[in-house]
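Coordinate analysis (summary)
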Amino acid sequence: MNKIKKVVIPVAGKGTRFLPITKTISKTLLPIIDAPVIQYLLEEAIKAKIKDALIIIGYNQNDVINYFNTESTYVKNLNRDYEEIKYIKKLKSQIRISYVFQEEAKGLGDAIYHAKAFADGDDFAVMLGDDFVFSNGLKTYGIGSLCKLYEKKNDYYLGVKEVPVEATNKYGIVKPEKEVKDCFKISGIVEKPQDNPPSQMACVGRYILKNSIFSYLEKIKPGVGKELQLTDAIALALKKENVYASKFDGIRYDVGSKGGYVEAIISVARTRDDLGINIDEFLKKTMDN
Ligand code: UTP
């Protein structure tokens, strides 16, 4: 059985839910305290033993490339070696980062198609740049959980979480073939269903895709929101291949939404003892005031 060694991280979306800050800062660079979301994503990929990352950026997103530049004038002008900079260097020694430009934000399906040369015939993982999975101390979580399943059976795996029925119109929703266990085969998938969702199981930013996805991406037409949807390509794959959905370990936050972002920061802050504050006491105090 093969193992997943490559990950594609698309971050070239417009980030309109997070305006105005996304006007000049890429959404994936928003800090969860002191490190950007993308750094946490790379840590998650490294824990999953992934060796190669392709970040899909738009033409206006040099800020993402600059973040990982540890030879910049800023770094050279620092008066000493900072642990935080050394950490980024270490991260880059554990996973090779490359970039490709998506000329126009035509949808997630189009973004993933830009990874065809990078995948080079291999199956690969996808982590969306605005879905943050908090490890909460676990060794295997997020994409790592899906990689483990793939190692046993080389199929498609979609990371899902149960969402309230009124939120199903914001996600790709899967149709379980039979009973929903931790990992279950699906017989359908629909992007942002406006009514009658096939379940409450929503795709939440972690995927293992087989290389055949590129042939399906070539066939899709603009769908919901007039965008080329990855969901539509997966729906085509389903007709010929086994596609499973699985709830993965770790706590997932939609950091592309303002509320999800605040929740993520609070969760991480509660586990940090270097901040000089007790977040629970602080929250209690703000409630008492
Ligand atoms: P989203 O739809 O959540 O991101 O795409 P968005 O378009 O930036 O968000 P809003 O709704 O305008 O706020 C999921 C992921 O896919 C990437 C996004 O950057 C995000 O990480 N994406 C989306 C692309 O890379 N290219 C696209 O054309 C669309």
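Residues numbered from 1 in each chain as written. Predicted model: local features only at pLDDT ≥ 70, side-chain atom pairs only at ≥ 80, totals over all residues. Heavy atoms only, no water.

1. A few points about a positive patch on the surface
Note the threshold: Residues qualify for a patch when their relative accessible area is over 30% and they have no salt bridge, like charges being joined within 9 Å and the nonpolar side chains of Val, Leu, Ile, Met, Phe, Trp and Tyr within 5 Å. For every accessible area listed, the method is Shrake-Rupley and the probe measures 1.4 Å; residues are considered covered only by the protein chains on display. What counts as a salt bridge is simple: a side-chain nitrogen of Lys or Arg found within 4 Å of a carboxyl oxygen of Asp or Glu. Neither His nor the chain ends is counted toward charge; the positive residues are Lys and Arg and the negative residues Asp and Glu. One atom stands in for each charge, and that atom is NZ of Lys, CZ of Arg, CG of Asp or CD of Glu. For the purposes of this entry, the term helix denotes a DSSP run of H or I that reaches at least four residues, the term strand denotes a run of E that reaches at least two, and both are numbered from the N terminus.
A surface patch of like charges, here positive, comprises K3, K5, K49, K51, K139, K148 and K152. Mapped onto the secondary structure, K49 falls in the loop between α1 (37-47) and β4 (52-57).

2. Examining the packing of α1 against helix α4 (residues 83-94)
Heads up, the rule is: Helix axes are fitted to C-alpha atoms over the stretch in contact, other axes to C-alpha atoms as well, and angles between N-to-C directions run from 0 to 180 degrees. Under this scheme an angle from 65 to 115 degrees is roughly perpendicular, one under 35 degrees roughly parallel, and one over 145 degrees roughly antiparallel; angles in between are oblique. Note: crossing handedness is left-handed where the near helix turns anticlockwise from the far helix by less than a right angle, and right-handed where it turns clockwise. When checking whether two residues touch, look at their non-hydrogen atoms; a contact exists if any pair is within 4.5 Å.
As a packed pair, α1 and α4 sit with axes 10 Å apart at the nearest point and diverge in direction by 45°. Viewed along their axes, α1 and α4 adopt a mutual orientation that is oblique. Note on packing geometry: the crossing formed by α1 with α4 is left-handed. Here Q39, L42, E43 and I46 of α1 lie close against α4, whose contacting residues are Y87, I88, L91 and Q94.

3. Points about the site of the ligand
Rules: Working definition: residue near molecule or strand if any one of its non-hydrogen atoms lies within 4 Å of it. When residues are sorted by character, Ala, Val, Leu, Ile, Met, Phe, Trp, Tyr, Cys and Pro go into the nonpolar class, Asp, Glu, Lys and Arg into the charged class, and all the rest, Gly among them, into the polar class.
Taken together, 18 residues are adjacent to the ligand, and G15, T16, R17, Q102 and G107 come closest. Contact with the protein chains covers 85% of the free accessible surface of the ligand, which is 580 Å². Across the shell around the ligand, the residue classes break down as seven nonpolar, six polar and five charged.

4. Concerning helix α11 (residues 279-288)
Inclusion rule: Burial classes follow relative accessibility: with a 1.4 Å probe on protein chains only, a residue under 20% of its type's maximum area counts as buried, one over 50% as exposed, and anything between as partly exposed. Polar contacts here mean pairs of N or O atoms no more than 3.5 Å apart (in protein, one a potential hydrogen donor and the other a potential acceptor; neighbouring residues in sequence count only if both atoms are side-chain atoms).
In terms of burial, α11 is a largely surface element, one of the 10 residues being buried. A side-chain oxygen of the first residue of α11 lies 3.0 Å from the backbone nitrogen of D280; this N-cap is N278.

5. A few points about the layout of surface pockets
The gaps of empty space that remain are located by a probe, the size of a water molecule, rolled over the atoms. The test is simple: Whether a set of points on the 1 Å grid over the protein atoms alone is a cavity depends on a 1.4 Å probe fitting there but being unable to get out, while an open set qualifies as a pocket with protein on both sides within 12 Å along at least five of seven lines; lining residues are those with an atom within 4 Å of a point. Grid points are joined across faces, edges and corners, and a volume is the space filled by probe spheres set on the points.
Each pocket or cavity is described by its volume, and for the second largest pocket that value is around 750 Å³. Split into classes, the residues belonging to the lining of the second largest pocket amount to 15 nonpolar, seven polar and six charged.

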